[in-house]
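So you can see what is in the structure, the chains are spelled out below.
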Amino acid sequence: MPRFTVHVRDEWLTVPCKDVSNTVQWLGVEALRRYTKNKPDNGGISSVKDVRFYVRRCQGHGLLDADDVIEDVLEDNDFVEIVIEGDVMSTDSIPSHPGAFPFPTYQKPHEFIHLDGNSLTTSDLVKLGKGIYQIKLTPEAEHKVRQSRQLVEKVVDENKVVYGINTGFGKVARTLIPKSKLKELQENLIRADSTGVGMPLSPEHSRMLLALRINVLAKGYSGISLETLQHMIAAFNSSCLSYVPEKGTVGASGDLAPLAHLALGLMGEGKMWSPKSGWADAKSVLKAHGLSPISLKPKEGLALINGTQMITSLGAEAVERAQAIARQADIIAALTLEVLKGTTRAFDSGIHELRPHSGQKEVAFRFRSLLDSGHHPSEIAESHRFCDQVQDAYTLRCCPQVHGVVNDTIAFVKNIINTEINSVTDNPMVFAERGETISGGNFHGEYPAKALDYLAIGVHELASISERRIERLCNPSLSELPAFLVSEGGLNSGFMIAHCTAAALVSENKVLCHPSSVDSLSTCAATEDHVSMGGWAARKALRVVEHVEQVLSIELLAACQGIEFLRPLRTTTPLEKVYDLVRASVKPLDKDRVMTPDIEAVHKLLLQEKVWEVASPYMEEYRKSQAPHVPAL
């Protein structure tokens, strides 16, 4: 029999429906009848038939017409909300906000990724966040998890005193807890640590957080039971995602507050999100997907919250996006150099062999492969071949040196994040092969915190130098192009304020690039007396990367606009392909219009790495033509 989960004020009700030819109005009346039946005073409702209400979906808050037939507008187990006229919105219902709900048409993936705790990459984790894979454990991981759990159960059976299994936590670690209260101990730990504040992580980020925690537990050093781990995997595969506030972690003893909220939803408490329900009561969301809440055994609460997974999951996205925008920045800068009629001499391989940083050499190669050569001739370059210009401004000439170190920074940070992804960050650790548990400090987030502060500082430079190139494109005394890249200047402002937007983003980044990991505050009654502040390092690194993407979106628009004033001359084939890609989404600026949609459209191209996709085949052809002198990075 079809059933629906209905939210009325502060309660979640399951309403069965024998006849789906009934109307939405019937569903609302039946839900209100059940609601008032459970209230001593009928919830202040004297007659259900006299109540004026409307019905909307919990996910997206789309209104449903009262006369619609249920089978036409709802599916079995759908979540809906009854809003009584005059009531304020319930605090249980969280309005959607831009960017937070990436699965409006989510389809459960058929492809699986097998986790063993040893081989997950930042790229894999980002794909897990996007809902591309379901999760399975490898047989080896299942075996290790069982072995680890057996040792924990032996400790409990033999009444040995072991931190986190049958003692209190932190400052009260010497307090012994009786066996009869060990389940309560673990559940209390989750509830007590669920102290996060701020907006919830987006479902995409929550998926990454849950996937990464599963991967760490799969290593078999946490003492969690296979049953509990399989419950977590089932929740992930059904996209039942806990409400996790983004703020509250100091990054040691791990990301306690975010991971506690992650566990709280899995326990059937607090709120959860699924593509079907939107934000709803966690127990109801699990039930609607045929899942039951986890019941914590000794050590399991601690196993779920000790670790750096909040820092690392957000850091994984930051470093993947940084890598994508860094290599596309080379293409955008090359196009700007072409529009500004710069020289290619500064990218001569001989120069860069004399200062052979790998990132610098690769960026110089990319410029050579994109700009005028016997491989890809440029009519624009030919038009100023015999001019008297000797060298360009630093923002053009020094791209290999500035962009290059960004590439090297990203490679360094990616190595640390990939190591962290596959590291055990619990305390205490359960060594089944040695028959002992050992307390340590792997939960300390200093490694990813420092790395992500470094990432923000490094990748910011792409926006800093890009903004200066935008200035050169817009300034007629530097570009020999119309002021602000538009005809009828004065009547039209062109890119004048788009450049201001870029400047604003660069300035904001300068503040965000102040490293959070240089700070520490003593917590937990001076037991946790040095912390990493890695959660903020990760969140601001991600924001810095986003700003870099937006600044480069503006530069790409400006460079393509500059091309319009050089026609009919054409640039090189790969750069023409980039121009065509942009023009498929954004038309030339012949007169002023609202530019925000243009910037967003190009930003989307960069997020999808389309600029790299259209240009990179030509770059690889050029590389092959230069082989064996130019190895690929």
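Structure: see above.
Residues numbered from 1 in each chain as written. Predicted model: local features only at pLDDT ≥ 70, side-chain atom pairs only at ≥ 80, totals over all residues. Heavy atoms only, no water.

**Student:** Could you give me a rundown of the overall build of the chain, with the residues and numbers involved?
**Tutor:** The secondary structure content of the chain amounts to 23 helices and 14 strands. For 633 residues, the compact-globule formula gives about 26 Å, and the C-alpha radius of gyration of the chain, at 29 Å, lands near that figure. Dimensions of the chain along its principal axes, counting C-alpha atoms only, are 90 × 65 × 40 Å. Classification of the 633 residues of the chain by burial places 55% in the buried group. Once local pairs closer than 6 in sequence are excluded, the contacts in the chain between residues at least 24 apart make up 76%. Summed over all atoms, the accessible surface of the chain reaches about 26800 Å², with 52% contributed by carbon and sulfur. (Helix = DSSP H or I, 4+ residues; strand = E, 2+ residues; numbered from the N terminus. Rg over C-alpha atoms; globule rule 2.2 N^0.38 Å. Buried < 20%, exposed > 50% of the residue type's maximum accessible area, 1.4 Å probe, protein only. Contact = heavy atoms within 4.5 Å. Areas by Shrake-Rupley, 256 points an atom, 1.4 Å probe, with all protein chains shown as cover.)

**Student:** Residues and numbers for the sheet that holds strand β1 (residues 3-8), please.
**Tutor:** The pairing of strands in a sheet comes from backbone hydrogen bonds and takes either a parallel or an antiparallel form. Here we have five strands laid out as an open sheet, ordered β2-β1-β5-β3-β4, and mixed in their pairing. The sheet terminates laterally at β2 (11-16) and β4 (63-64), the two strands that pair on one side only. Relative to β2, β1 runs antiparallel, the two being bridged by six bridges. Opposite Thr-5, over in β2, you have Thr-14 as the bridge partner. Sheet contacts for helix α1 (residues 24-37): β1, β2, β3 (53-57), β4 and β5 (79-84); angle to β2, the most-contacted strand, approximately 125°. (Pairing = 2+ DSSP bridges. Axes fitted to C-alpha atoms, helices over the stretch in contact; angles between N-to-C directions.)

**Student:** Give me empty space enclosed by the protein: which residues, what numbers.
**Tutor:** Empty space among the atoms becomes visible once a probe the size of a water molecule is rolled across them. By the definition in use, this model includes two cavities of 30 Å³ or more. Empty space within the largest cavity amounts to approximately 60 Å³. For the largest cavity, the full set of lining residues is Phe-495, Leu-557, Gln-561, Arg-583, Val-586, Lys-587, Pro-588, Leu-589, Arg-593, Met-595 and Asp-598. When grouped by side-chain class, the residues that make up the lining of the largest cavity number six nonpolar, one polar and four charged. (1 Å grid on protein atoms, 1.4 Å probe; cavity = no way out; pocket = protein on both sides within 12 Å on 5 of 7 lines; lining within 4 Å. Points joined across faces, edges and corners; volume = space filled by probe spheres on them. Nonpolar A, V, L, I, M, F, W, Y, C, P; charged D, E, K, R; others polar.)

**Student:** How would you sum up the pattern of salt bridges? Please name residues and give values.
**Tutor:** Going through the model one piece at a time under the given rule, you end up with 36 salt bridges. The salt bridge partner of Glu-85 is Arg-52, with a shortest N-O separation of 3.4 Å. Taken together, the positions of Glu-85 in the loop between β5 and β6 (112-115) and Arg-52 in the loop between α1 and β3 put the pair 33 residues apart, joining distant regions of the chain. Pair check on accessibility: Glu-85 and Arg-52 agree, each one exposed. Glu-353 is paired through a salt bridge with Lys-361; the nearest N and O atoms lie 3.6 Å apart. Judged by relative accessible area, Lys-361 falls into the partly exposed class, the value being 30%. (Salt bridge = Lys/Arg side-chain N within 4 Å of Asp/Glu carboxyl O.)

**Student:** Can you break down the environment of Thr-195 residue by residue, with the values?
**Tutor:** With respect to the secondary-structure elements, Thr-195 resides in the loop between α5 (182-193) and β8 (197-200). Taking the C-alpha atoms as reference, Thr-195 lies 60 Å from Ser-373; in sequence the two are 178 residues apart. Aside from chain neighbours lying at most four places away, what touches Thr-195 is Ala-257 and His-261.

**Student:** Got a sec to walk through the sheet that holds strand β9 (residues 241-242)? Specific residues and values, please.
**Tutor:** The strand order across the open sheet formed by three strands is β9-β11-β12, and the pairing between neighbours is antiparallel. Each edge of the sheet is formed by a strand with only one pairing partner; in this case those strands are β9 and β12 (278-281).

**Student:** Go over the layout of surface pockets, please, and point to the residues and values.
**Tutor:** Put simply, the second largest pocket is a space of about 440 Å³. In terms of lining residues, the second largest pocket is bounded by 20 residues, among which Thr-343, Thr-344, Arg-345, Asp-372 and Arg-385 are the most central. Elements with a contribution of two residues or more to the lining of the second largest pocket: α11 (309-339) and α13 (358-370). Across the lining of the second largest pocket, the residue classes break down as six nonpolar, seven polar and seven charged.

**Student:** Explain the side chain of Arg-366 to me, using residue names and the numbers behind them.
**Tutor:** The residue Arg-366 is located in helix α13 in this model. Residues in contact with Arg-366, not counting those within four places in the same chain, are Arg-327, Asp-330, Asn-407, Trp-612 and Met-619.

**Student:** Got a sec to walk through the side chain of Ser-238? Specific residues and values, please.
**Tutor:** Mapped onto the fold, Ser-238 is located in the loop between α7 (226-237) and β9. Residue classification places Ser-238 among the buried residues on the basis of a relative accessible area of 15%. Other than its neighbours up to four places away in sequence, Ser-238 contacts Lys-108, His-289 and Leu-291.

**Student:** Give me the lowdown on the packing of aromatic side chains, citing residues and values where you can.
**Tutor:** With the rule as written, the count across this model stands at six aromatic pairs. Ring centres of Phe-365 and Tyr-622 lie 5.7 Å apart, and the angle between their planes is 45°; on these two criteria the pair is classed as tilted. With Phe-365 in helix α13 and Tyr-622 in helix α23 (residues 610-626), this pair connects stretches of sequence that are 257 residues apart. Taken as a pair, Phe-365 and Tyr-622 share a single burial class, namely buried. Relative to Tyr-454, the ring of Phe-412 lies with its centre 5.6 Å away and its plane at 70°, an arrangement referred to as edge-to-face. You can see Phe-412 sitting in helix α16 (residues 399-421) and its partner Tyr-454 sitting in helix α17 (residues 446-474), a full 42 residues away along the chain. On the basis of relative accessibility, which here comes to 45%, the residue Phe-412 falls in the partly exposed class. Accessibility expressed as a relative area gives 36% for Tyr-454, which makes it partly exposed. (Phe/Tyr/Trp six-rings, centres within 6.5 Å; stacked < 30°, edge-to-face > 60°.)

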